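Listed here are the chains, written in short residue letters.
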Amino acid sequence: MSNSDYEDFYFGISENKIYICFFENEKTYFKKSINFEIPNTLNNNLNFKIISKLLKNNIRSFEKSLGIFLTKGNISIQSKTYQSILFSTKNIFDEKKLDEKVIANLVKVGTQYFVNYEKKLSIIHIIINRYIVDGKNYNNIPRNIKFKKIILELELICLDKNLINKVSNLFKDCKIEINKIVSFEYAKNFLEEDDKTMCISAKKVLSGINKSEIKIQEIDQSKSILFERIFNFFD
């Protein structure tokens, strides 16, 4: 069997079911998928062991059917711990040209402040809903202007940190490396009627369907160091 690339595999985890989907490179619809029932909570140690065994067995079966080793994947999580938090971050300058670096630094400062004071939630997605530059409102970053005052209206999509740790440990136990985590409650804004797997909407999110969402590379929120860099934001 050949090794997989992480972009090919997506997992969907709901309260009572796990989905596994395989996408051929750059395809928007999966080639093959499976799903199976699971106990309804990861918090119970016995349930964790049962879910881990079920996941391992189904991964092995899926690998055999495809002839591909599954080593990495993206995960869409459905959870009642989902929260959408709105807040603003701002800065004032003597006069400065507005560019991507200004926005990136302002987002990092604002989200780092949130991480320092919020210990129970993990940030999964960051969306800039509005730019307010010298009192004028913009839905997208204004180009080629100088400014003195800027405010960003941010939306943070969060999930419970303990849940994220449980999911991470589950896939670590199955020797699967997690590339990206998606909140299904957010991703379902882009859901197609025939998508019953949670995977297609997650792939859309990670492909950048929402141009207001910032793509981030996470280091370790538990150490209050949120982002190494913000990238591909203004493509």
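Shown above is the structure to which this text applies.
Rules used in this analysis
- Residues numbered from 1 in each chain as written.
- Predicted model: local features only at pLDDT ≥ 70, side-chain atom pairs only at ≥ 80, totals over all residues.
- Heavy atoms only, no water.
- Buried < 20%, exposed > 50% of the residue type's maximum accessible area, 1.4 Å probe, protein only.
- Helix = DSSP H or I, 4+ residues; strand = E, 2+ residues; numbered from the N terminus.
- Pairing = 2+ DSSP bridges.
- Expected span 1.5 Å × (residues − 1).
- Polar contact = N/O pair within 3.5 Å; in protein donor to acceptor, adjacent residues only side chain to side chain.
- Contact = heavy atoms within 4.5 Å.
- Axes fitted to C-alpha atoms, helices over the stretch in contact; angles between N-to-C directions.
- Parallel < 35°, antiparallel > 145°, perpendicular 65-115°, else oblique.
- Left-handed = near helix turned anticlockwise from the far one by under 90°.
- Nonpolar A, V, L, I, M, F, W, Y, C, P; charged D, E, K, R; others polar.

Caption draft 1: Region of interest: the pairing of strand E8 (residues 121-133). Counting buried residues in E8 gives 11 out of 13 residues, a clear majority hidden from the surface. Relative to strand E9 (residues 136-138), E8 runs antiparallel, the two being bridged by 3 bridges. Residue pairing in the sheet places Tyr 131 in a bridge with Tyr 138 of E9. The turn joining E8 and E9, which pair antiparallel and follow one another in sequence, is formed by 2 residues; a positive phi near 50° is taken by Asp 134.

Caption draft 2: Quick look at helix H2 (residues 100-117). Taking 1.5 Å of rise per residue, the 18 residues of H2 would be expected to cover 26 Å, and the 26 Å separating its terminal C-alpha atoms lies within 8% of that figure. Residues of H2 that are buried: Val 102, Ile 103, Ala 104, Leu 106, Val 107, Gly 110, Thr 111, Gln 112, Phe 114 and Val 115. Capping the start of H2 is the job of one residue whose side-chain oxygen sits 3.2 Å from the backbone nitrogen of Lys 101: Asp 99.

Caption draft 3: Structural view of the environment of Lys 108. By the element assignment, Lys 108 lies in helix H2. Taking relative accessible area as the criterion, Lys 108 reaches 28% and is therefore assigned partly exposed. Separated by 19 residues in sequence, Lys 108 and Thr 89 have C-alpha atoms that sit 9.8 Å apart.

Caption draft 4: Fine view of the environment of Glu 192. As for its position among the elements, Glu 192 is in the loop between helix H4 (184-187) and helix H5 (199-206). Note on Glu 192: relative accessible area 31%, which makes it partly exposed. Residues in contact with Glu 192, not counting those within four places in the same chain, are Ile 200 and Lys 204.

Caption draft 5: Quick peek at the packing of helix H1 (residues 45-66) against helix H3 (residues 161-173). One can describe the packing of H1 onto H3 by two numbers: an axis separation of 9 Å at closest approach and a directional angle of 45°. Here H1 is positioned oblique relative to H3, judged by the angle of their axes. Between H1 and H3 the crossing geometry is right-handed. In this structure, H1 uses Asn 45, Phe 48, Ile 51, Ser 52, Leu 55 and Lys 56 to contact H3, whose residues at the interface are Lys 166, Asn 169, Leu 170, Phe 171 and Asp 173. A breakdown of the residues in the contact of H1 with H3 according to their chemical character gives 5 nonpolar, 3 polar and 3 charged.

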